[in-house]
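Inside the fold
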2 protein chains.
Amino acid sequence: MTNRIKCIVSYDGTGFSGYQVQPEKRTVQRELEAALGKIHKGLEMRVSASGRTDAGVHARGQVIHFDTPLMLPEDRWTIALNSLLPADISVLHSEIAPGNFHARFDAKGKEYRYFIYRSRQRDPFRRNYAYQYPYPLDIQRIRESFPYLIGTHNFTSFCSAKTEVEDRVRTLEEIQLLEVEGGLVFRFRGNGFLYNMVRILTGTLLEIGSGDRNPDELPGILKKKDRSAAGKTAPGHGLYLWEVFY
Amino acid sequence: MTNRIKCIVSYDGTGFSGYQVQPEKRTVQRELEAALGKIHKGLEMRVSASGRTDAGVHARGQVIHFDTPLMLPEDRWTIALNSLLPADISVLHSEIAPGNFHARFDAKGKEYRYFIYRSRQRDPFRRNYAYQYPYPLDIQRIRESFPYLIGTHNFTSFCSAKTEVEDRVRTLEEIQLLEVEGGLVFRFRGNGFLYNMVRILTGTLLEIGSGDRNPDELPGILKKKDRSAAGKTAPGHGLYLWEVFY
């Protein structure tokens, strides 16, 4: 008999070559599986996540699941894992999930946030946690772009040319731009996101805010289904997988 | 002819063995002097700071000065230094100071801040930038302690036993405790601070807040002039040299 355990995991992406296991690389998945292996006395453990994150990308609310023969009280998994995980990963919550729960296939939506700071000189405390963009931006112009993006579209122009997934139709439910002390935060909420999609959306919206593009170009960019029609990919270190919805 | 340049410098203390040059160690002073050496084509450059900071301790507003034979416009020093400094140090401002200005001897006061976060699970994003203190605290009790500490006192009980300075009389002008999202911030403002003084004050105030000590024990602790009378030294990674006043 096994239990399926669901955990909410937060990590600072700075020191990782992304989420997914790669040979010879320090990745979040590898650290999670190593910690679980220790708890299970060397048993090889496999973890499934809601999705990958790239090198330097952070997570506030990544969701994972795994199966275990150990019958610990559900909240003990948080404590047991945190005692073995490195300081840049933390389990925030653990619970026993239904046996057919799947962190990836059951995800109904996700929220990503993208953090920007505006100071002219680089900030040592934000260098790994937000993208420095000190140039003028027309916030109103950026917000005028959102209606063109919200809704169900083929987002081929807004995903990496390397994307292997065939179906590039996704629904963006919400985009917000919040002005915070010294910077900006984009919130993107949708039913799913393609590879690099949030970073390309952010890069394109910054080009609109700086005056290099017009909001009303967006329908044409979507229609082209061509990555080269959209703007630059914003850097990974400003991006956070914020929450996964089930 | 030389110019005396004054700079405001911010650094993330995580990767440094403190401010001051030590053999074989990565320190803030060494990085500043190395960058200045490059600007001066190998000339050995010396930098004076308002004071040292320990390993792991951060600075938002450290002040330094140096003398240079180069006649750059004063704000160019910010750009020239930042192009050569590592990403965990940033010059925020530079100006030509009077030839007799001294970053240390002219300092009339300083503000330090100490950041605490209260979440039960460790936060990967705050692990190097705030002290995790998840236990109950009586904020009112901590605030009741401030009047005992504010003013001019001999702070021998609140400095490291290794302190070499003879005169341990300092004036604490202000202490504040701010409640912020997920945590607390102490602000300490005074005419000068002894070695480890802010960390020992913070550690002692946390012991008062947790109920281990009473606010009215403070006059007795000050009177003893004995480090062992006060509380624990709070960890360095929660501490920020915030501002230096001239």
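Scoring rules and cut-offs
Residues numbered from 1 in each chain as written. Chains lettered and ligands numbered in written order. Predicted model: local features only at pLDDT ≥ 70, side-chain atom pairs only at ≥ 80, totals over all residues. Heavy atoms only, no water. Helix = DSSP H or I, 4+ residues; strand = E, 2+ residues; numbered from the N terminus. Rg over C-alpha atoms; globule rule 2.2 N^0.38 Å. Buried < 20%, exposed > 50% of the residue type's maximum accessible area, 1.4 Å probe, protein only. Contact = heavy atoms within 4.5 Å. Areas by Shrake-Rupley, 256 points an atom, 1.4 Å probe, with all protein chains shown as cover. Lys, Arg positive; Asp, Glu negative; His and termini not counted. Charge placed at Lys NZ, Arg CZ, Asp CG, Glu CD. UniProt positions renumbered as here; feature names shortened; annotations may be inferred. Polar contact = N/O pair within 3.5 Å; in protein donor to acceptor, adjacent residues only side chain to side chain.

What follows is about the overall build of chain A. Along chain A, the regular secondary structure elements total five helices and 10 strands. Its C-alpha atoms give chain A a radius of gyration of 19 Å, near enough to 18 Å, the size a compact globule of 246 residues would have. Expressed as lengths along the three principal axes of its C-alpha atoms, the size of chain A is roughly 60 × 40 × 30 Å. Here chain A, with 246 residues, has 53% of them falling under the buried criterion. Counting contacts in chain A only where the partners sit at least 6 residues apart, residues at least 24 apart contribute 70% of the total. When the accessible surface of chain A is totalled, it reaches about 11,400 Å², and 48% of it is carbon and sulfur. Looking at chain A, you have 34 positive and 29 negative side-chain charges, and the mean spots of the two groups are 3 Å apart.

So, on to the UniProt feature "domain: Pseudouridine synthase I TruA alpha/beta" (unreviewed entry) in chain A. Residue and element names in this part refer to chain A. UniProt annotation of "domain: Pseudouridine synthase I TruA alpha/beta" (unreviewed entry) refers to residues 8-106 and 148-246 when read in the numbering used here. Secondary structure content for residues 8-106 is 21% helix and 26% strand, while the C-alpha to C-alpha distance between its ends is 15 Å. Helix makes up 22% of residues 148-246 and strand 31%, whereas the separation of the span's terminal C-alpha atoms amounts to 26 Å.

Mapping His58 of chain B onto the fold places it in strand β3 (residues 58-68). The exposure class assigned to His58 of chain B is buried, which follows from its relative accessible area of 0%. In this structure, the C-alpha to C-alpha distance between His58 of chain B and Asn100 of chain B, residues 42 residues apart in sequence, is 28 Å. Other than its neighbours up to four places away in sequence, His58 of chain B contacts Phe125 of chain A together with Tyr11, Asp12, Gly13, Thr14, Asn128, Tyr129, His237, Leu239, Tyr240 and Leu241 of chain B. A polar contact is formed between the side chain of His58 of chain B and the backbone oxygen of Asn128 of chain B, at a distance of 2.8 Å.

Here we come to the UniProt feature "active site" (unreviewed entry) in chain A. Residues and elements named next belong to chain A. As annotated by UniProt and renumbered to match this structure, "active site" (unreviewed entry) occupies Asp54. Along the chain, the position of Asp54 falls in the loop between β2 (48-49) and β3 (58-68). Residues within four places of Asp54 in sequence aside, it is in contact with Gly18, Tyr195, Asn196 and Arg199.

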